[in-house]
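# What the coordinates show
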Amino acid sequence: MMLRLCRRELSDTLTASSLRPVLCSSSVNDRKLHQLVKSGRGGRSSYSGILATVFGGTGFTGRYVINRLGRVGTQIMLPFRCDEYDTKHLRLMGDLGQIMFRQFHLKDKNAISDLVKHSNVVINLIGQDWQTRNFTFEEANVEGPRAIARACRDHGVKRLIHISALNADKNSNSHWLRSKAAGEEAVKEEFPDATIVRPADIFGQEDRFFNYYAELKILPFGVPLLDSGLKTTKIPLYVADFAKAIAKMTTDDTTAGKTFELYGPHEYFLHDLVGTIFMYCGREFRTFNLPRRIFNFLLAITETTGYIPWLTRDKLITQNISDRITPELPGLEDLGIEKTSVDKIATFVLRRHVGVHAADVDWDHVRKLNSQSRI
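Each chain has its residues counted from 1, running along the sequence as written. Two thresholds apply to this predicted model, a pLDDT of at least 70 for residue-level local features and 80 or more for giving and counting side-chain atom pairs, whereas whole-chain, interface and lining totals are computed over all residues. With hydrogens and water excluded, all non-hydrogen atoms of the structure serve as input to the side-chain values.

The salt bridge definition used is simple: a Lys or Arg side-chain nitrogen within 4 Å of an Asp or Glu carboxyl oxygen. For the coordinates displayed, the defined rule picks out 21 salt bridges. Notably, a salt bridge pairs K158 with D253, separated by 3.3 Å at the nearest N-O pair. Placement of the pair is K158 in the loop between α4 (137-154) and β7 (159-163) and D253 in the loop between α7 (239-251) and β13 (259-262), with a sequence separation of 95 residues. Note that D169 and R324 form a salt bridge whose closest N and O atoms lie 4.0 Å from each other. Helix and strand assignments follow DSSP, with helices taken as H or I runs no shorter than four residues and strands as E runs no shorter than two, numbered in order from the N terminus.

What makes two strands pair is DSSP finding at least two bridges between them. What the 7 strands build is an open sheet, ordered β5-β4-β3-β6-β7-β8-β13; its pairing is parallel. Bordering the open sheet on either side are β5 (99-103) and β13, each of which pairs with just one other strand. Direction aside, neighbouring strands of the sheet carry axes that sit 20° apart on average. Where strand β3 (residues 51-55) and strand β6 (residues 121-124) come together, 4 bridges link them in parallel fashion. Across the sheet, F55 pairs through a bridge with N124, a residue of β6. In this description, a line fitted to the C-alpha atoms serves as the axis of each element, helices being fitted only across the stretch in contact, and the angle between N-to-C directions of two axes falls anywhere from 0 to 180 degrees.

Quick look at the nonpolar core now. I123, F210, Y213, F242 and I246 are the most contacted members of the largest nonpolar core, which totals 65 residues. Residue contacts are counted whenever heavy atoms from the two residues lie within 4.5 Å of one another. If near-sequence neighbours (up to four positions away) are discounted, I246 is found in contact with V65, I123, I161, I163 and V197. Among buried residues, the Ala, Val, Leu, Ile, Met, Phe, Trp, Tyr and Cys ones that are joined through side-chain atoms within 4.5 Å form a nonpolar core. Burial classes: relative accessible area under 20% of the type maximum marks a residue as buried, over 50% as exposed, and values in between as partly exposed (1.4 Å probe, protein chains only). Of all hydrophobic cores here, the second largest spans 25 residues; its members include I112, I148, V157 and A194.

Counted residue by residue, strand β4 (residues 75-80) has 6 buried out of 6 residues, so it is predominantly covered. In β4, alternate side chains face the same way, and those of Q75, M77 and P79 on one face and I76, L78 and F80 on the other are all buried. Summarising the sheet, β3 and β4 pair through 3 bridges and their orientation is parallel. Pairing of L51 across the sheet is with Q75, part of β4. Once you follow β3 into helix α2 (residues 60-70) and on to β4, the crossover reads as right-handed. By the bridge criterion, 5 bridges tie β4 to β5 in an arrangement that is parallel. Note on handedness: a clockwise path from strand one over the helix to strand two, with the strands aimed away from the viewer, defines a right-handed crossover.

Only centres within 6.5 Å qualify two rings of Phe, Tyr or Trp (six-membered ring in Trp) as a pair; their planes then separate them into stacked at under 30 degrees, edge-to-face at over 60, and tilted for everything else. Counted according to the given criterion, the structure contains 9 aromatic pairs. Aromatic pair F209 and Y213: ring centres 6.3 Å apart, planes at 70°, arrangement edge-to-face. Residue Y213 is classed as buried on the basis of its relative accessible area, which comes to 2%. Measuring from centroid to centroid gives 4.8 Å for Y212 and Y213, while their planes differ by 70°, and the two rings are edge-to-face. For Y212, a relative accessible area of 12% gives the class buried. The rings of F203, F209, F210, Y212, Y213 and Y238 are connected pair by pair, giving a single aromatic cluster.

Pasting the structure below:
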């Protein structure tokens, strides 16, 4: 009897007004979206109110973007196509249950639809530098983004952030850059309020930019460059700055519908940039001019060997296109992000290429020489 009385008294006190709901239903563009209430003081164990689906999160830039989102309490849906064990390092970037993994295929439109239907932010980092038997440039850089944008539109996703590339141009000599430009148009057709991001060549510890040139130190005659790298200029972007920008865009609704160009603080001739990489590796830099005809002949043989090609003929074109900036488009400064220079971070990025022979290198002198090589 006492037990029944206690139960009755307890049920009387728990009225609807006294309960704090754990789940809420919010309407975004008249869609049924169920998500957790924003809670916590910030950090990986809190919830920011954003549920983001990140396509391409297992790649080089993906780990930095996911880490930046996870540290502010973003709940992340991470589609992947690789082996399950290749995602294990990403599980530590959010608290238990904050990052959810699901296998998918870019050509499976039903899987894409299921992945975005509960999200209020979708980020597309998928980008392929070379063609394979499974994916052409058009399939990876045009049709895939189109399918993602269409699914976001159909499910009323609030924000879509699509990563393109600096120099993307439908009239470019590079097939990859033409596909990137076509991808931008496809995304805008399906989702007009999408944010387009055009980053310059991104460098970091796991990149295929600085590390590519640093590995060429094993060549006995020096680094082969078209026109010795003196007709091409680059404005490299540090990957952490890129990740900060993407994370900022997820919370700043004023960036919707805009196109951003992200690049570093300094412009270099390709010759001087490769020389800078060798200086920070403690190696002597030598280069020789290899004619394009011979380069293409060698690459026609080597680009079909290996899982990840060392270099392709299309990548050679991309490498030797100077970075072009559109002054009227917003960039890192408009997001309140300070640009990181090569000098500030190069010793960290390239440390695995530095051997014992570089123990006596005067790094202050190296930084001084590098500052003189900027344009």
